[in-house]
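Descriptive structure summary
Single-letter residue listing:
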Amino acid sequence: MNESGFREWLEANYRPNTVNTKLFEARKLAAAYGDLDNAFDADRLEAVMRTLTYSSKDSAQGKPDPSKLQLSSPNIYRDLSNFRTTISYYRNYRDGTPRRPKLTTLTREAVEKAMDEYDALGFEEFMSAYNFGTSLSHWAISGNRRYPSKAIVGVAHQYLSSGAPLDNEQFRGSDARRELQRLGYLVEATSNEAMTPNRRFWIEKTIVSERRDRESGEHGLGRALWSPQRSKSGGDIYASMREVQPGDVVFHLTDNTAITGLSIVDAAVDDTFRGIGGTAWEGDAYRIALKDFEELAPPLERNAFLATEPFATELSELVRAGASRLFYNRKLELNQGAYLTEATPTLLSILNRAYDAFSGKQLPYFEIETGNGANGEAAPFANEYSLDDALEELFIDRSEAEEIMLVWQAKQNVVLQGPPGVGKSFAAHRLAFAMLGAKDRDRLGFVQFHQSYSYEDFVEGYRPTPDGFELRPGKFVEFCRRAEADPDRNYVFVIDEINRGNLSKILGELMLLIEADKRFPDWAIALASGKVPFHVPRNVYLLGLMNTADRSLAVVDYALRRRFAFINLVPKLSSPKLRAQLTAAGVSTSIASMLIQRIEALNTEIVADATTLGPGFEIGHSYFCSSPSDREDAWSWYERIIRTEILHLLREYWFDAPTKVAQWESELLAPP
């Protein structure tokens, strides 16, 4: 076994504890089976892998260790699964595969076998056996049971031809979730109060050369952060020093040339500190103690992210998108005086990808992909929101909502269509929050199409500036850049009145790129400007809204219909939730029953008028979801809605049948 080569590959891709564990297990395999390189050359270690096979059924029956390892552990099942993952690691090393290769396409059969194994072992033993932590935030739903999404996908790989499970380090939780969704499983986020809060990341921009206080000693680089409390003009430009907490990570950008190292914050700010004598910053100051300084080898050169594509464009777009308190400006120059600035998840992800492109390594402590939970799933959301939360507010039932979410997860692009008043906009936001797993408006984009909306607004175009014109990304491209830099969390973009715009004109190349199977960098193409290649990330979900009763709009063409799943929303006048809402609003039972009976009768006639109207023109329930004002009783409230909203709609529907409108006006406004 080429232990030095294997070690080097592990150290380039994994944390120290993983390196040590996998080297130890590889040595044991080599001692029992002989040279691993010879075994790999012979059959890619298949013969060794077969002797390591040991099922949950074998464990339950107390069967002996089938391998040559002569294990003395009481948990043979867990230990052999660990050795199988070591075989997977060694194969990746010999193949030259990076830490997280693209997941092998799974089958439902393999996933169901992993679920059966989970059912047989139980949560604790299953997670322990395959080295997955017990702190997680996403579950795959099968029938009426929940399964840990990432662990199920990892274990399912041993039921493919490769025969080796993947452990927590070998793939992303987000990729696991998408693979399960592709196979038709519903994946839900759930709260987990035991998970620790997110640590924050900071960038110290400091001059070290020819500064004795920074070159060595207790205030040197990696030993402490220190700054004055105020600028010379009295500005509070060092306020971020007060936000730093123990456990945070600080990247050191030194001498304006490169990120050369990183440290861990050891203690909160000391605001009694006095600036060091002989420097330009004597007086009231802040000091933050650091520990565990680690040199970044190789350093991340400034030009590797500020002058290299696509990272330079992404960083520039981050400024234009409104990000503040950055260490650089829109011209991609270092900001004067920005001593300590936060590296947000988006910014940190860009820097990490730049470092990977520059050195082939991940940044140390980079946790955007795996969150801070032990299982590598996404960190908990600040305002968690599940499908159950959505169902408390929506009038649709659970089976209908689950079907919508399942279709949306598989297709990635859906359109909610229906007549006026069925609550399309309201439902869109609640379903979007359920897809996000949180009421997080930073990850929710919104636009309304109209006849003047253009490619330049949506994708990219030139905008006037004081100096002429500047190419700027449109709303959707800007949104996608943010989502791409945050790959483990879903983003939802809502397009209201999607059929009001000239879709081929607005979407352009996106008509191809939004397809679910084109959501990969391999499909990236240059947009009309011919600049940086662009693709729609897999974590972006599109949700269009369409009013089926608007006669002024053209029928959506087949090209768009093929790329979106269309879901009908219908009036829910008979929903118990509508009655409960009317009662809570002070509408009497008799008025509520009369309202529902009359509008349902009206809808029956609208549906029967198949020549000019039909189901797409029914009256929705949301017209009656508002409450009477303080100066209205229930009848006055109902009468106002009929006169100012419903009758106007009927006059448009039956513009050539005024007698029918008059008839329905009489019936709808007849005293109760």
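As the structure is a computational prediction, the values presented were derived from the model and not from experiment.

1. Description of the packing of helix α24 (residues 589-608) against helix α25 (residues 634-653)
Where α24 meets α25, the closest approach of the two axes is 12 Å, and the angle between their N-to-C directions is 5°. If you check the angle between α24 and α25, you find them roughly parallel. The segment α24 lies against α25, with Ile 591, Met 594, Leu 595, Arg 598, Ile 599, Leu 602 and Ile 606 engaging Ala 634, Trp 635, Trp 637, Tyr 638, Ile 642, Ile 646, Leu 650 and Tyr 653. Residues of the contact of α24 with α25, tallied by class, amount to 14 nonpolar, no polar and 1 charged.

2. Observations regarding the sheet that holds strand β18 (residues 565-568)
Strand order in the open sheet formed by 5 strands is β11-β14-β17-β10-β18, and the pairing between neighbours is parallel. The outermost strands of the open sheet, each flanked by one partner alone, are β11 (444-448) and β18. Between one strand axis and the next, the sheet turns through 20° on average, direction left out of account. With 6 bridges joining them, strand β10 (residues 413-418) and strand β17 (residues 540-547) adopt parallel strand pairing. Following the sheet pairing, Leu 416 is matched in β17 by Leu 545. Strand contacts of helix α19 (residues 475-484): β11, β14 (491-496) and β17, with the helix running at about 165° to β14, the strand carrying the most contacts.

3. Some words on the environment of Ser 142
You can see Ser 142 is positioned in strand β1 (residues 138-142). Take Ser 142: its relative accessible area is 26%, and that puts it in the partly exposed class. For the pair Ser 142 and Leu 221, spaced 79 residues apart in sequence, the C-alpha to C-alpha distance is 52 Å. When neighbours within four sequence positions are excluded, Ser 142 is seen to be in contact with Met 115, Tyr 147 and Tyr 185.

4. Focus on the pairing of β14
For β14, the tally of buried residues reaches 6 of 6 residues, placing the bulk of the element in the interior. Here β14 shows a buried face lined by Tyr 491, Phe 493 and Ile 495 and a second buried face lined by Val 492, Val 494 and Asp 496. Examined bridge by bridge, β14 and β17 share 5 bridges and lie parallel to one another. Within the sheet, the bridge partner assigned to Ile 495 lies in β17 and is Gly 544.

5. Let's talk about the sheet that holds strand β9 (residues 340-342)
In spatial order, the strands read β5-β8-β7-β6-β4-β9; together these 6 strands make up an open sheet with mixed pairing. A single partner strand is all that each edge strand has here, and the edge strands are β5 (224-228) and β9. Each strand axis lies, on average, 35° off the axis of its neighbour in the sheet, ignoring direction. Pairing analysis gives 5 bridges linking β5 to strand β8 (residues 285-301), with the strands arranged antiparallel. Note that in β8 the partner of Pro 228 across the bridge is Ala 285. Seen against the sheet, helix α14 (residues 345-359) touches β4 (201-206), β6 (249-254), β8 and β9 and runs at an angle of roughly 35° to β8.

6. Re the environment of Leu 10
Mapping Leu 10 onto the fold places it in helix α1 (residues 3-13). Residues Leu 10 and Thr 659 lie 649 residues apart in sequence; the distance between their C-alpha atoms is 81 Å. Excluding residues within four positions of it along the chain, Leu 10 makes contact with Val 19, Lys 22, Leu 23 and Tyr 89.

7. Let's talk about the pattern of salt bridges
As a working rule, side chains carrying opposite charge can pair if their charged atoms are close by. In this structure the tally under the stated criterion is 35 salt bridges. Between Arg 211 and Asp 213 there is a salt bridge, with the nearest N and O atoms lying 2.7 Å from each other. Asp 213 carries the same exposure label as Arg 211, and that label is buried. Taking the shortest distance from any N to any O, the salt bridge between Asp 457 and Arg 463 comes out at 3.3 Å.

8. Observations regarding the confidence of the model for the chain
This prediction gives the chain a mean pLDDT of 84; 91% of its residues lie at or above 70. Note on residues 191-197: pLDDT under 50 across the span, and 13 contacts to partners over four residues away in sequence or across chains. A low-confidence stretch, residues 367-382 (pLDDT under 50), is modelled with 63 contacts involving residues beyond four sequence positions or located in other chains.

9. A closer look at the packing of helix α7 (residues 108-121) against helix α9 (residues 149-156)
For the pair α7 and α9, interaxial distance at closest approach is 8 Å and the crossing angle is 115°. One way to sum up the angle between α7 and α9 is to call them roughly perpendicular. In this structure, α7 meets α9 at a crossing whose hand is right-handed. Contacts from Ala 110, Val 111, Ala 114, Met 115, Glu 117 and Tyr 118 of α7 reach α9 at Ile 152, Val 155 and Ala 156. When the residues that make up the contact of α7 with α9 are grouped by side-chain class, the tally is 8 nonpolar, no polar and 1 charged.

10. Observations concerning unusual backbone geometry
In most cases, non-glycine residues show a negative phi, while peptide bonds are predominantly trans. A cis geometry characterises the amide bond from Ala 297 onward to Pro 298, with omega recorded as 0°. Cis geometry is found at the peptide bond from Glu 309 to Pro 310, where omega equals 5°. Within the secondary structure, Pro 310 is located in the loop between α12 (303-306) and α13 (311-320). For Leu 45, which is not a glycine, the phi torsion comes out positive at approximately 70°. The residue Leu 45 is located in the loop between α3 (36-43) and α4 (46-51) in this model. A relative accessible area of 0% means that Leu 45 is categorised as buried. Positive phi, normally seen in glycine, also occurs at Asn 256, with a value near 60°. Secondary-structure assignment places Asn 256 in the loop between β6 and β7 (258-265).

So, how was this worked out
Residues numbered from 1 in each chain as written. Predicted model: local features only at pLDDT ≥ 70, side-chain atom pairs only at ≥ 80, totals over all residues. Heavy atoms only, no water. Axes fitted to C-alpha atoms, helices over the stretch in contact; angles between N-to-C directions. Helix = DSSP H or I, 4+ residues; strand = E, 2+ residues; numbered from the N terminus. Parallel < 35°, antiparallel > 145°, perpendicular 65-115°, else oblique. Contact = heavy atoms within 4.5 Å. Nonpolar A, V, L, I, M, F, W, Y, C, P; charged D, E, K, R; others polar. Pairing = 2+ DSSP bridges. Buried < 20%, exposed > 50% of the residue type's maximum accessible area, 1.4 Å probe, protein only. Salt bridge = Lys/Arg side-chain N within 4 Å of Asp/Glu carboxyl O. pLDDT = per-residue confidence, 0-100. Left-handed = near helix turned anticlockwise from the far one by under 90°.

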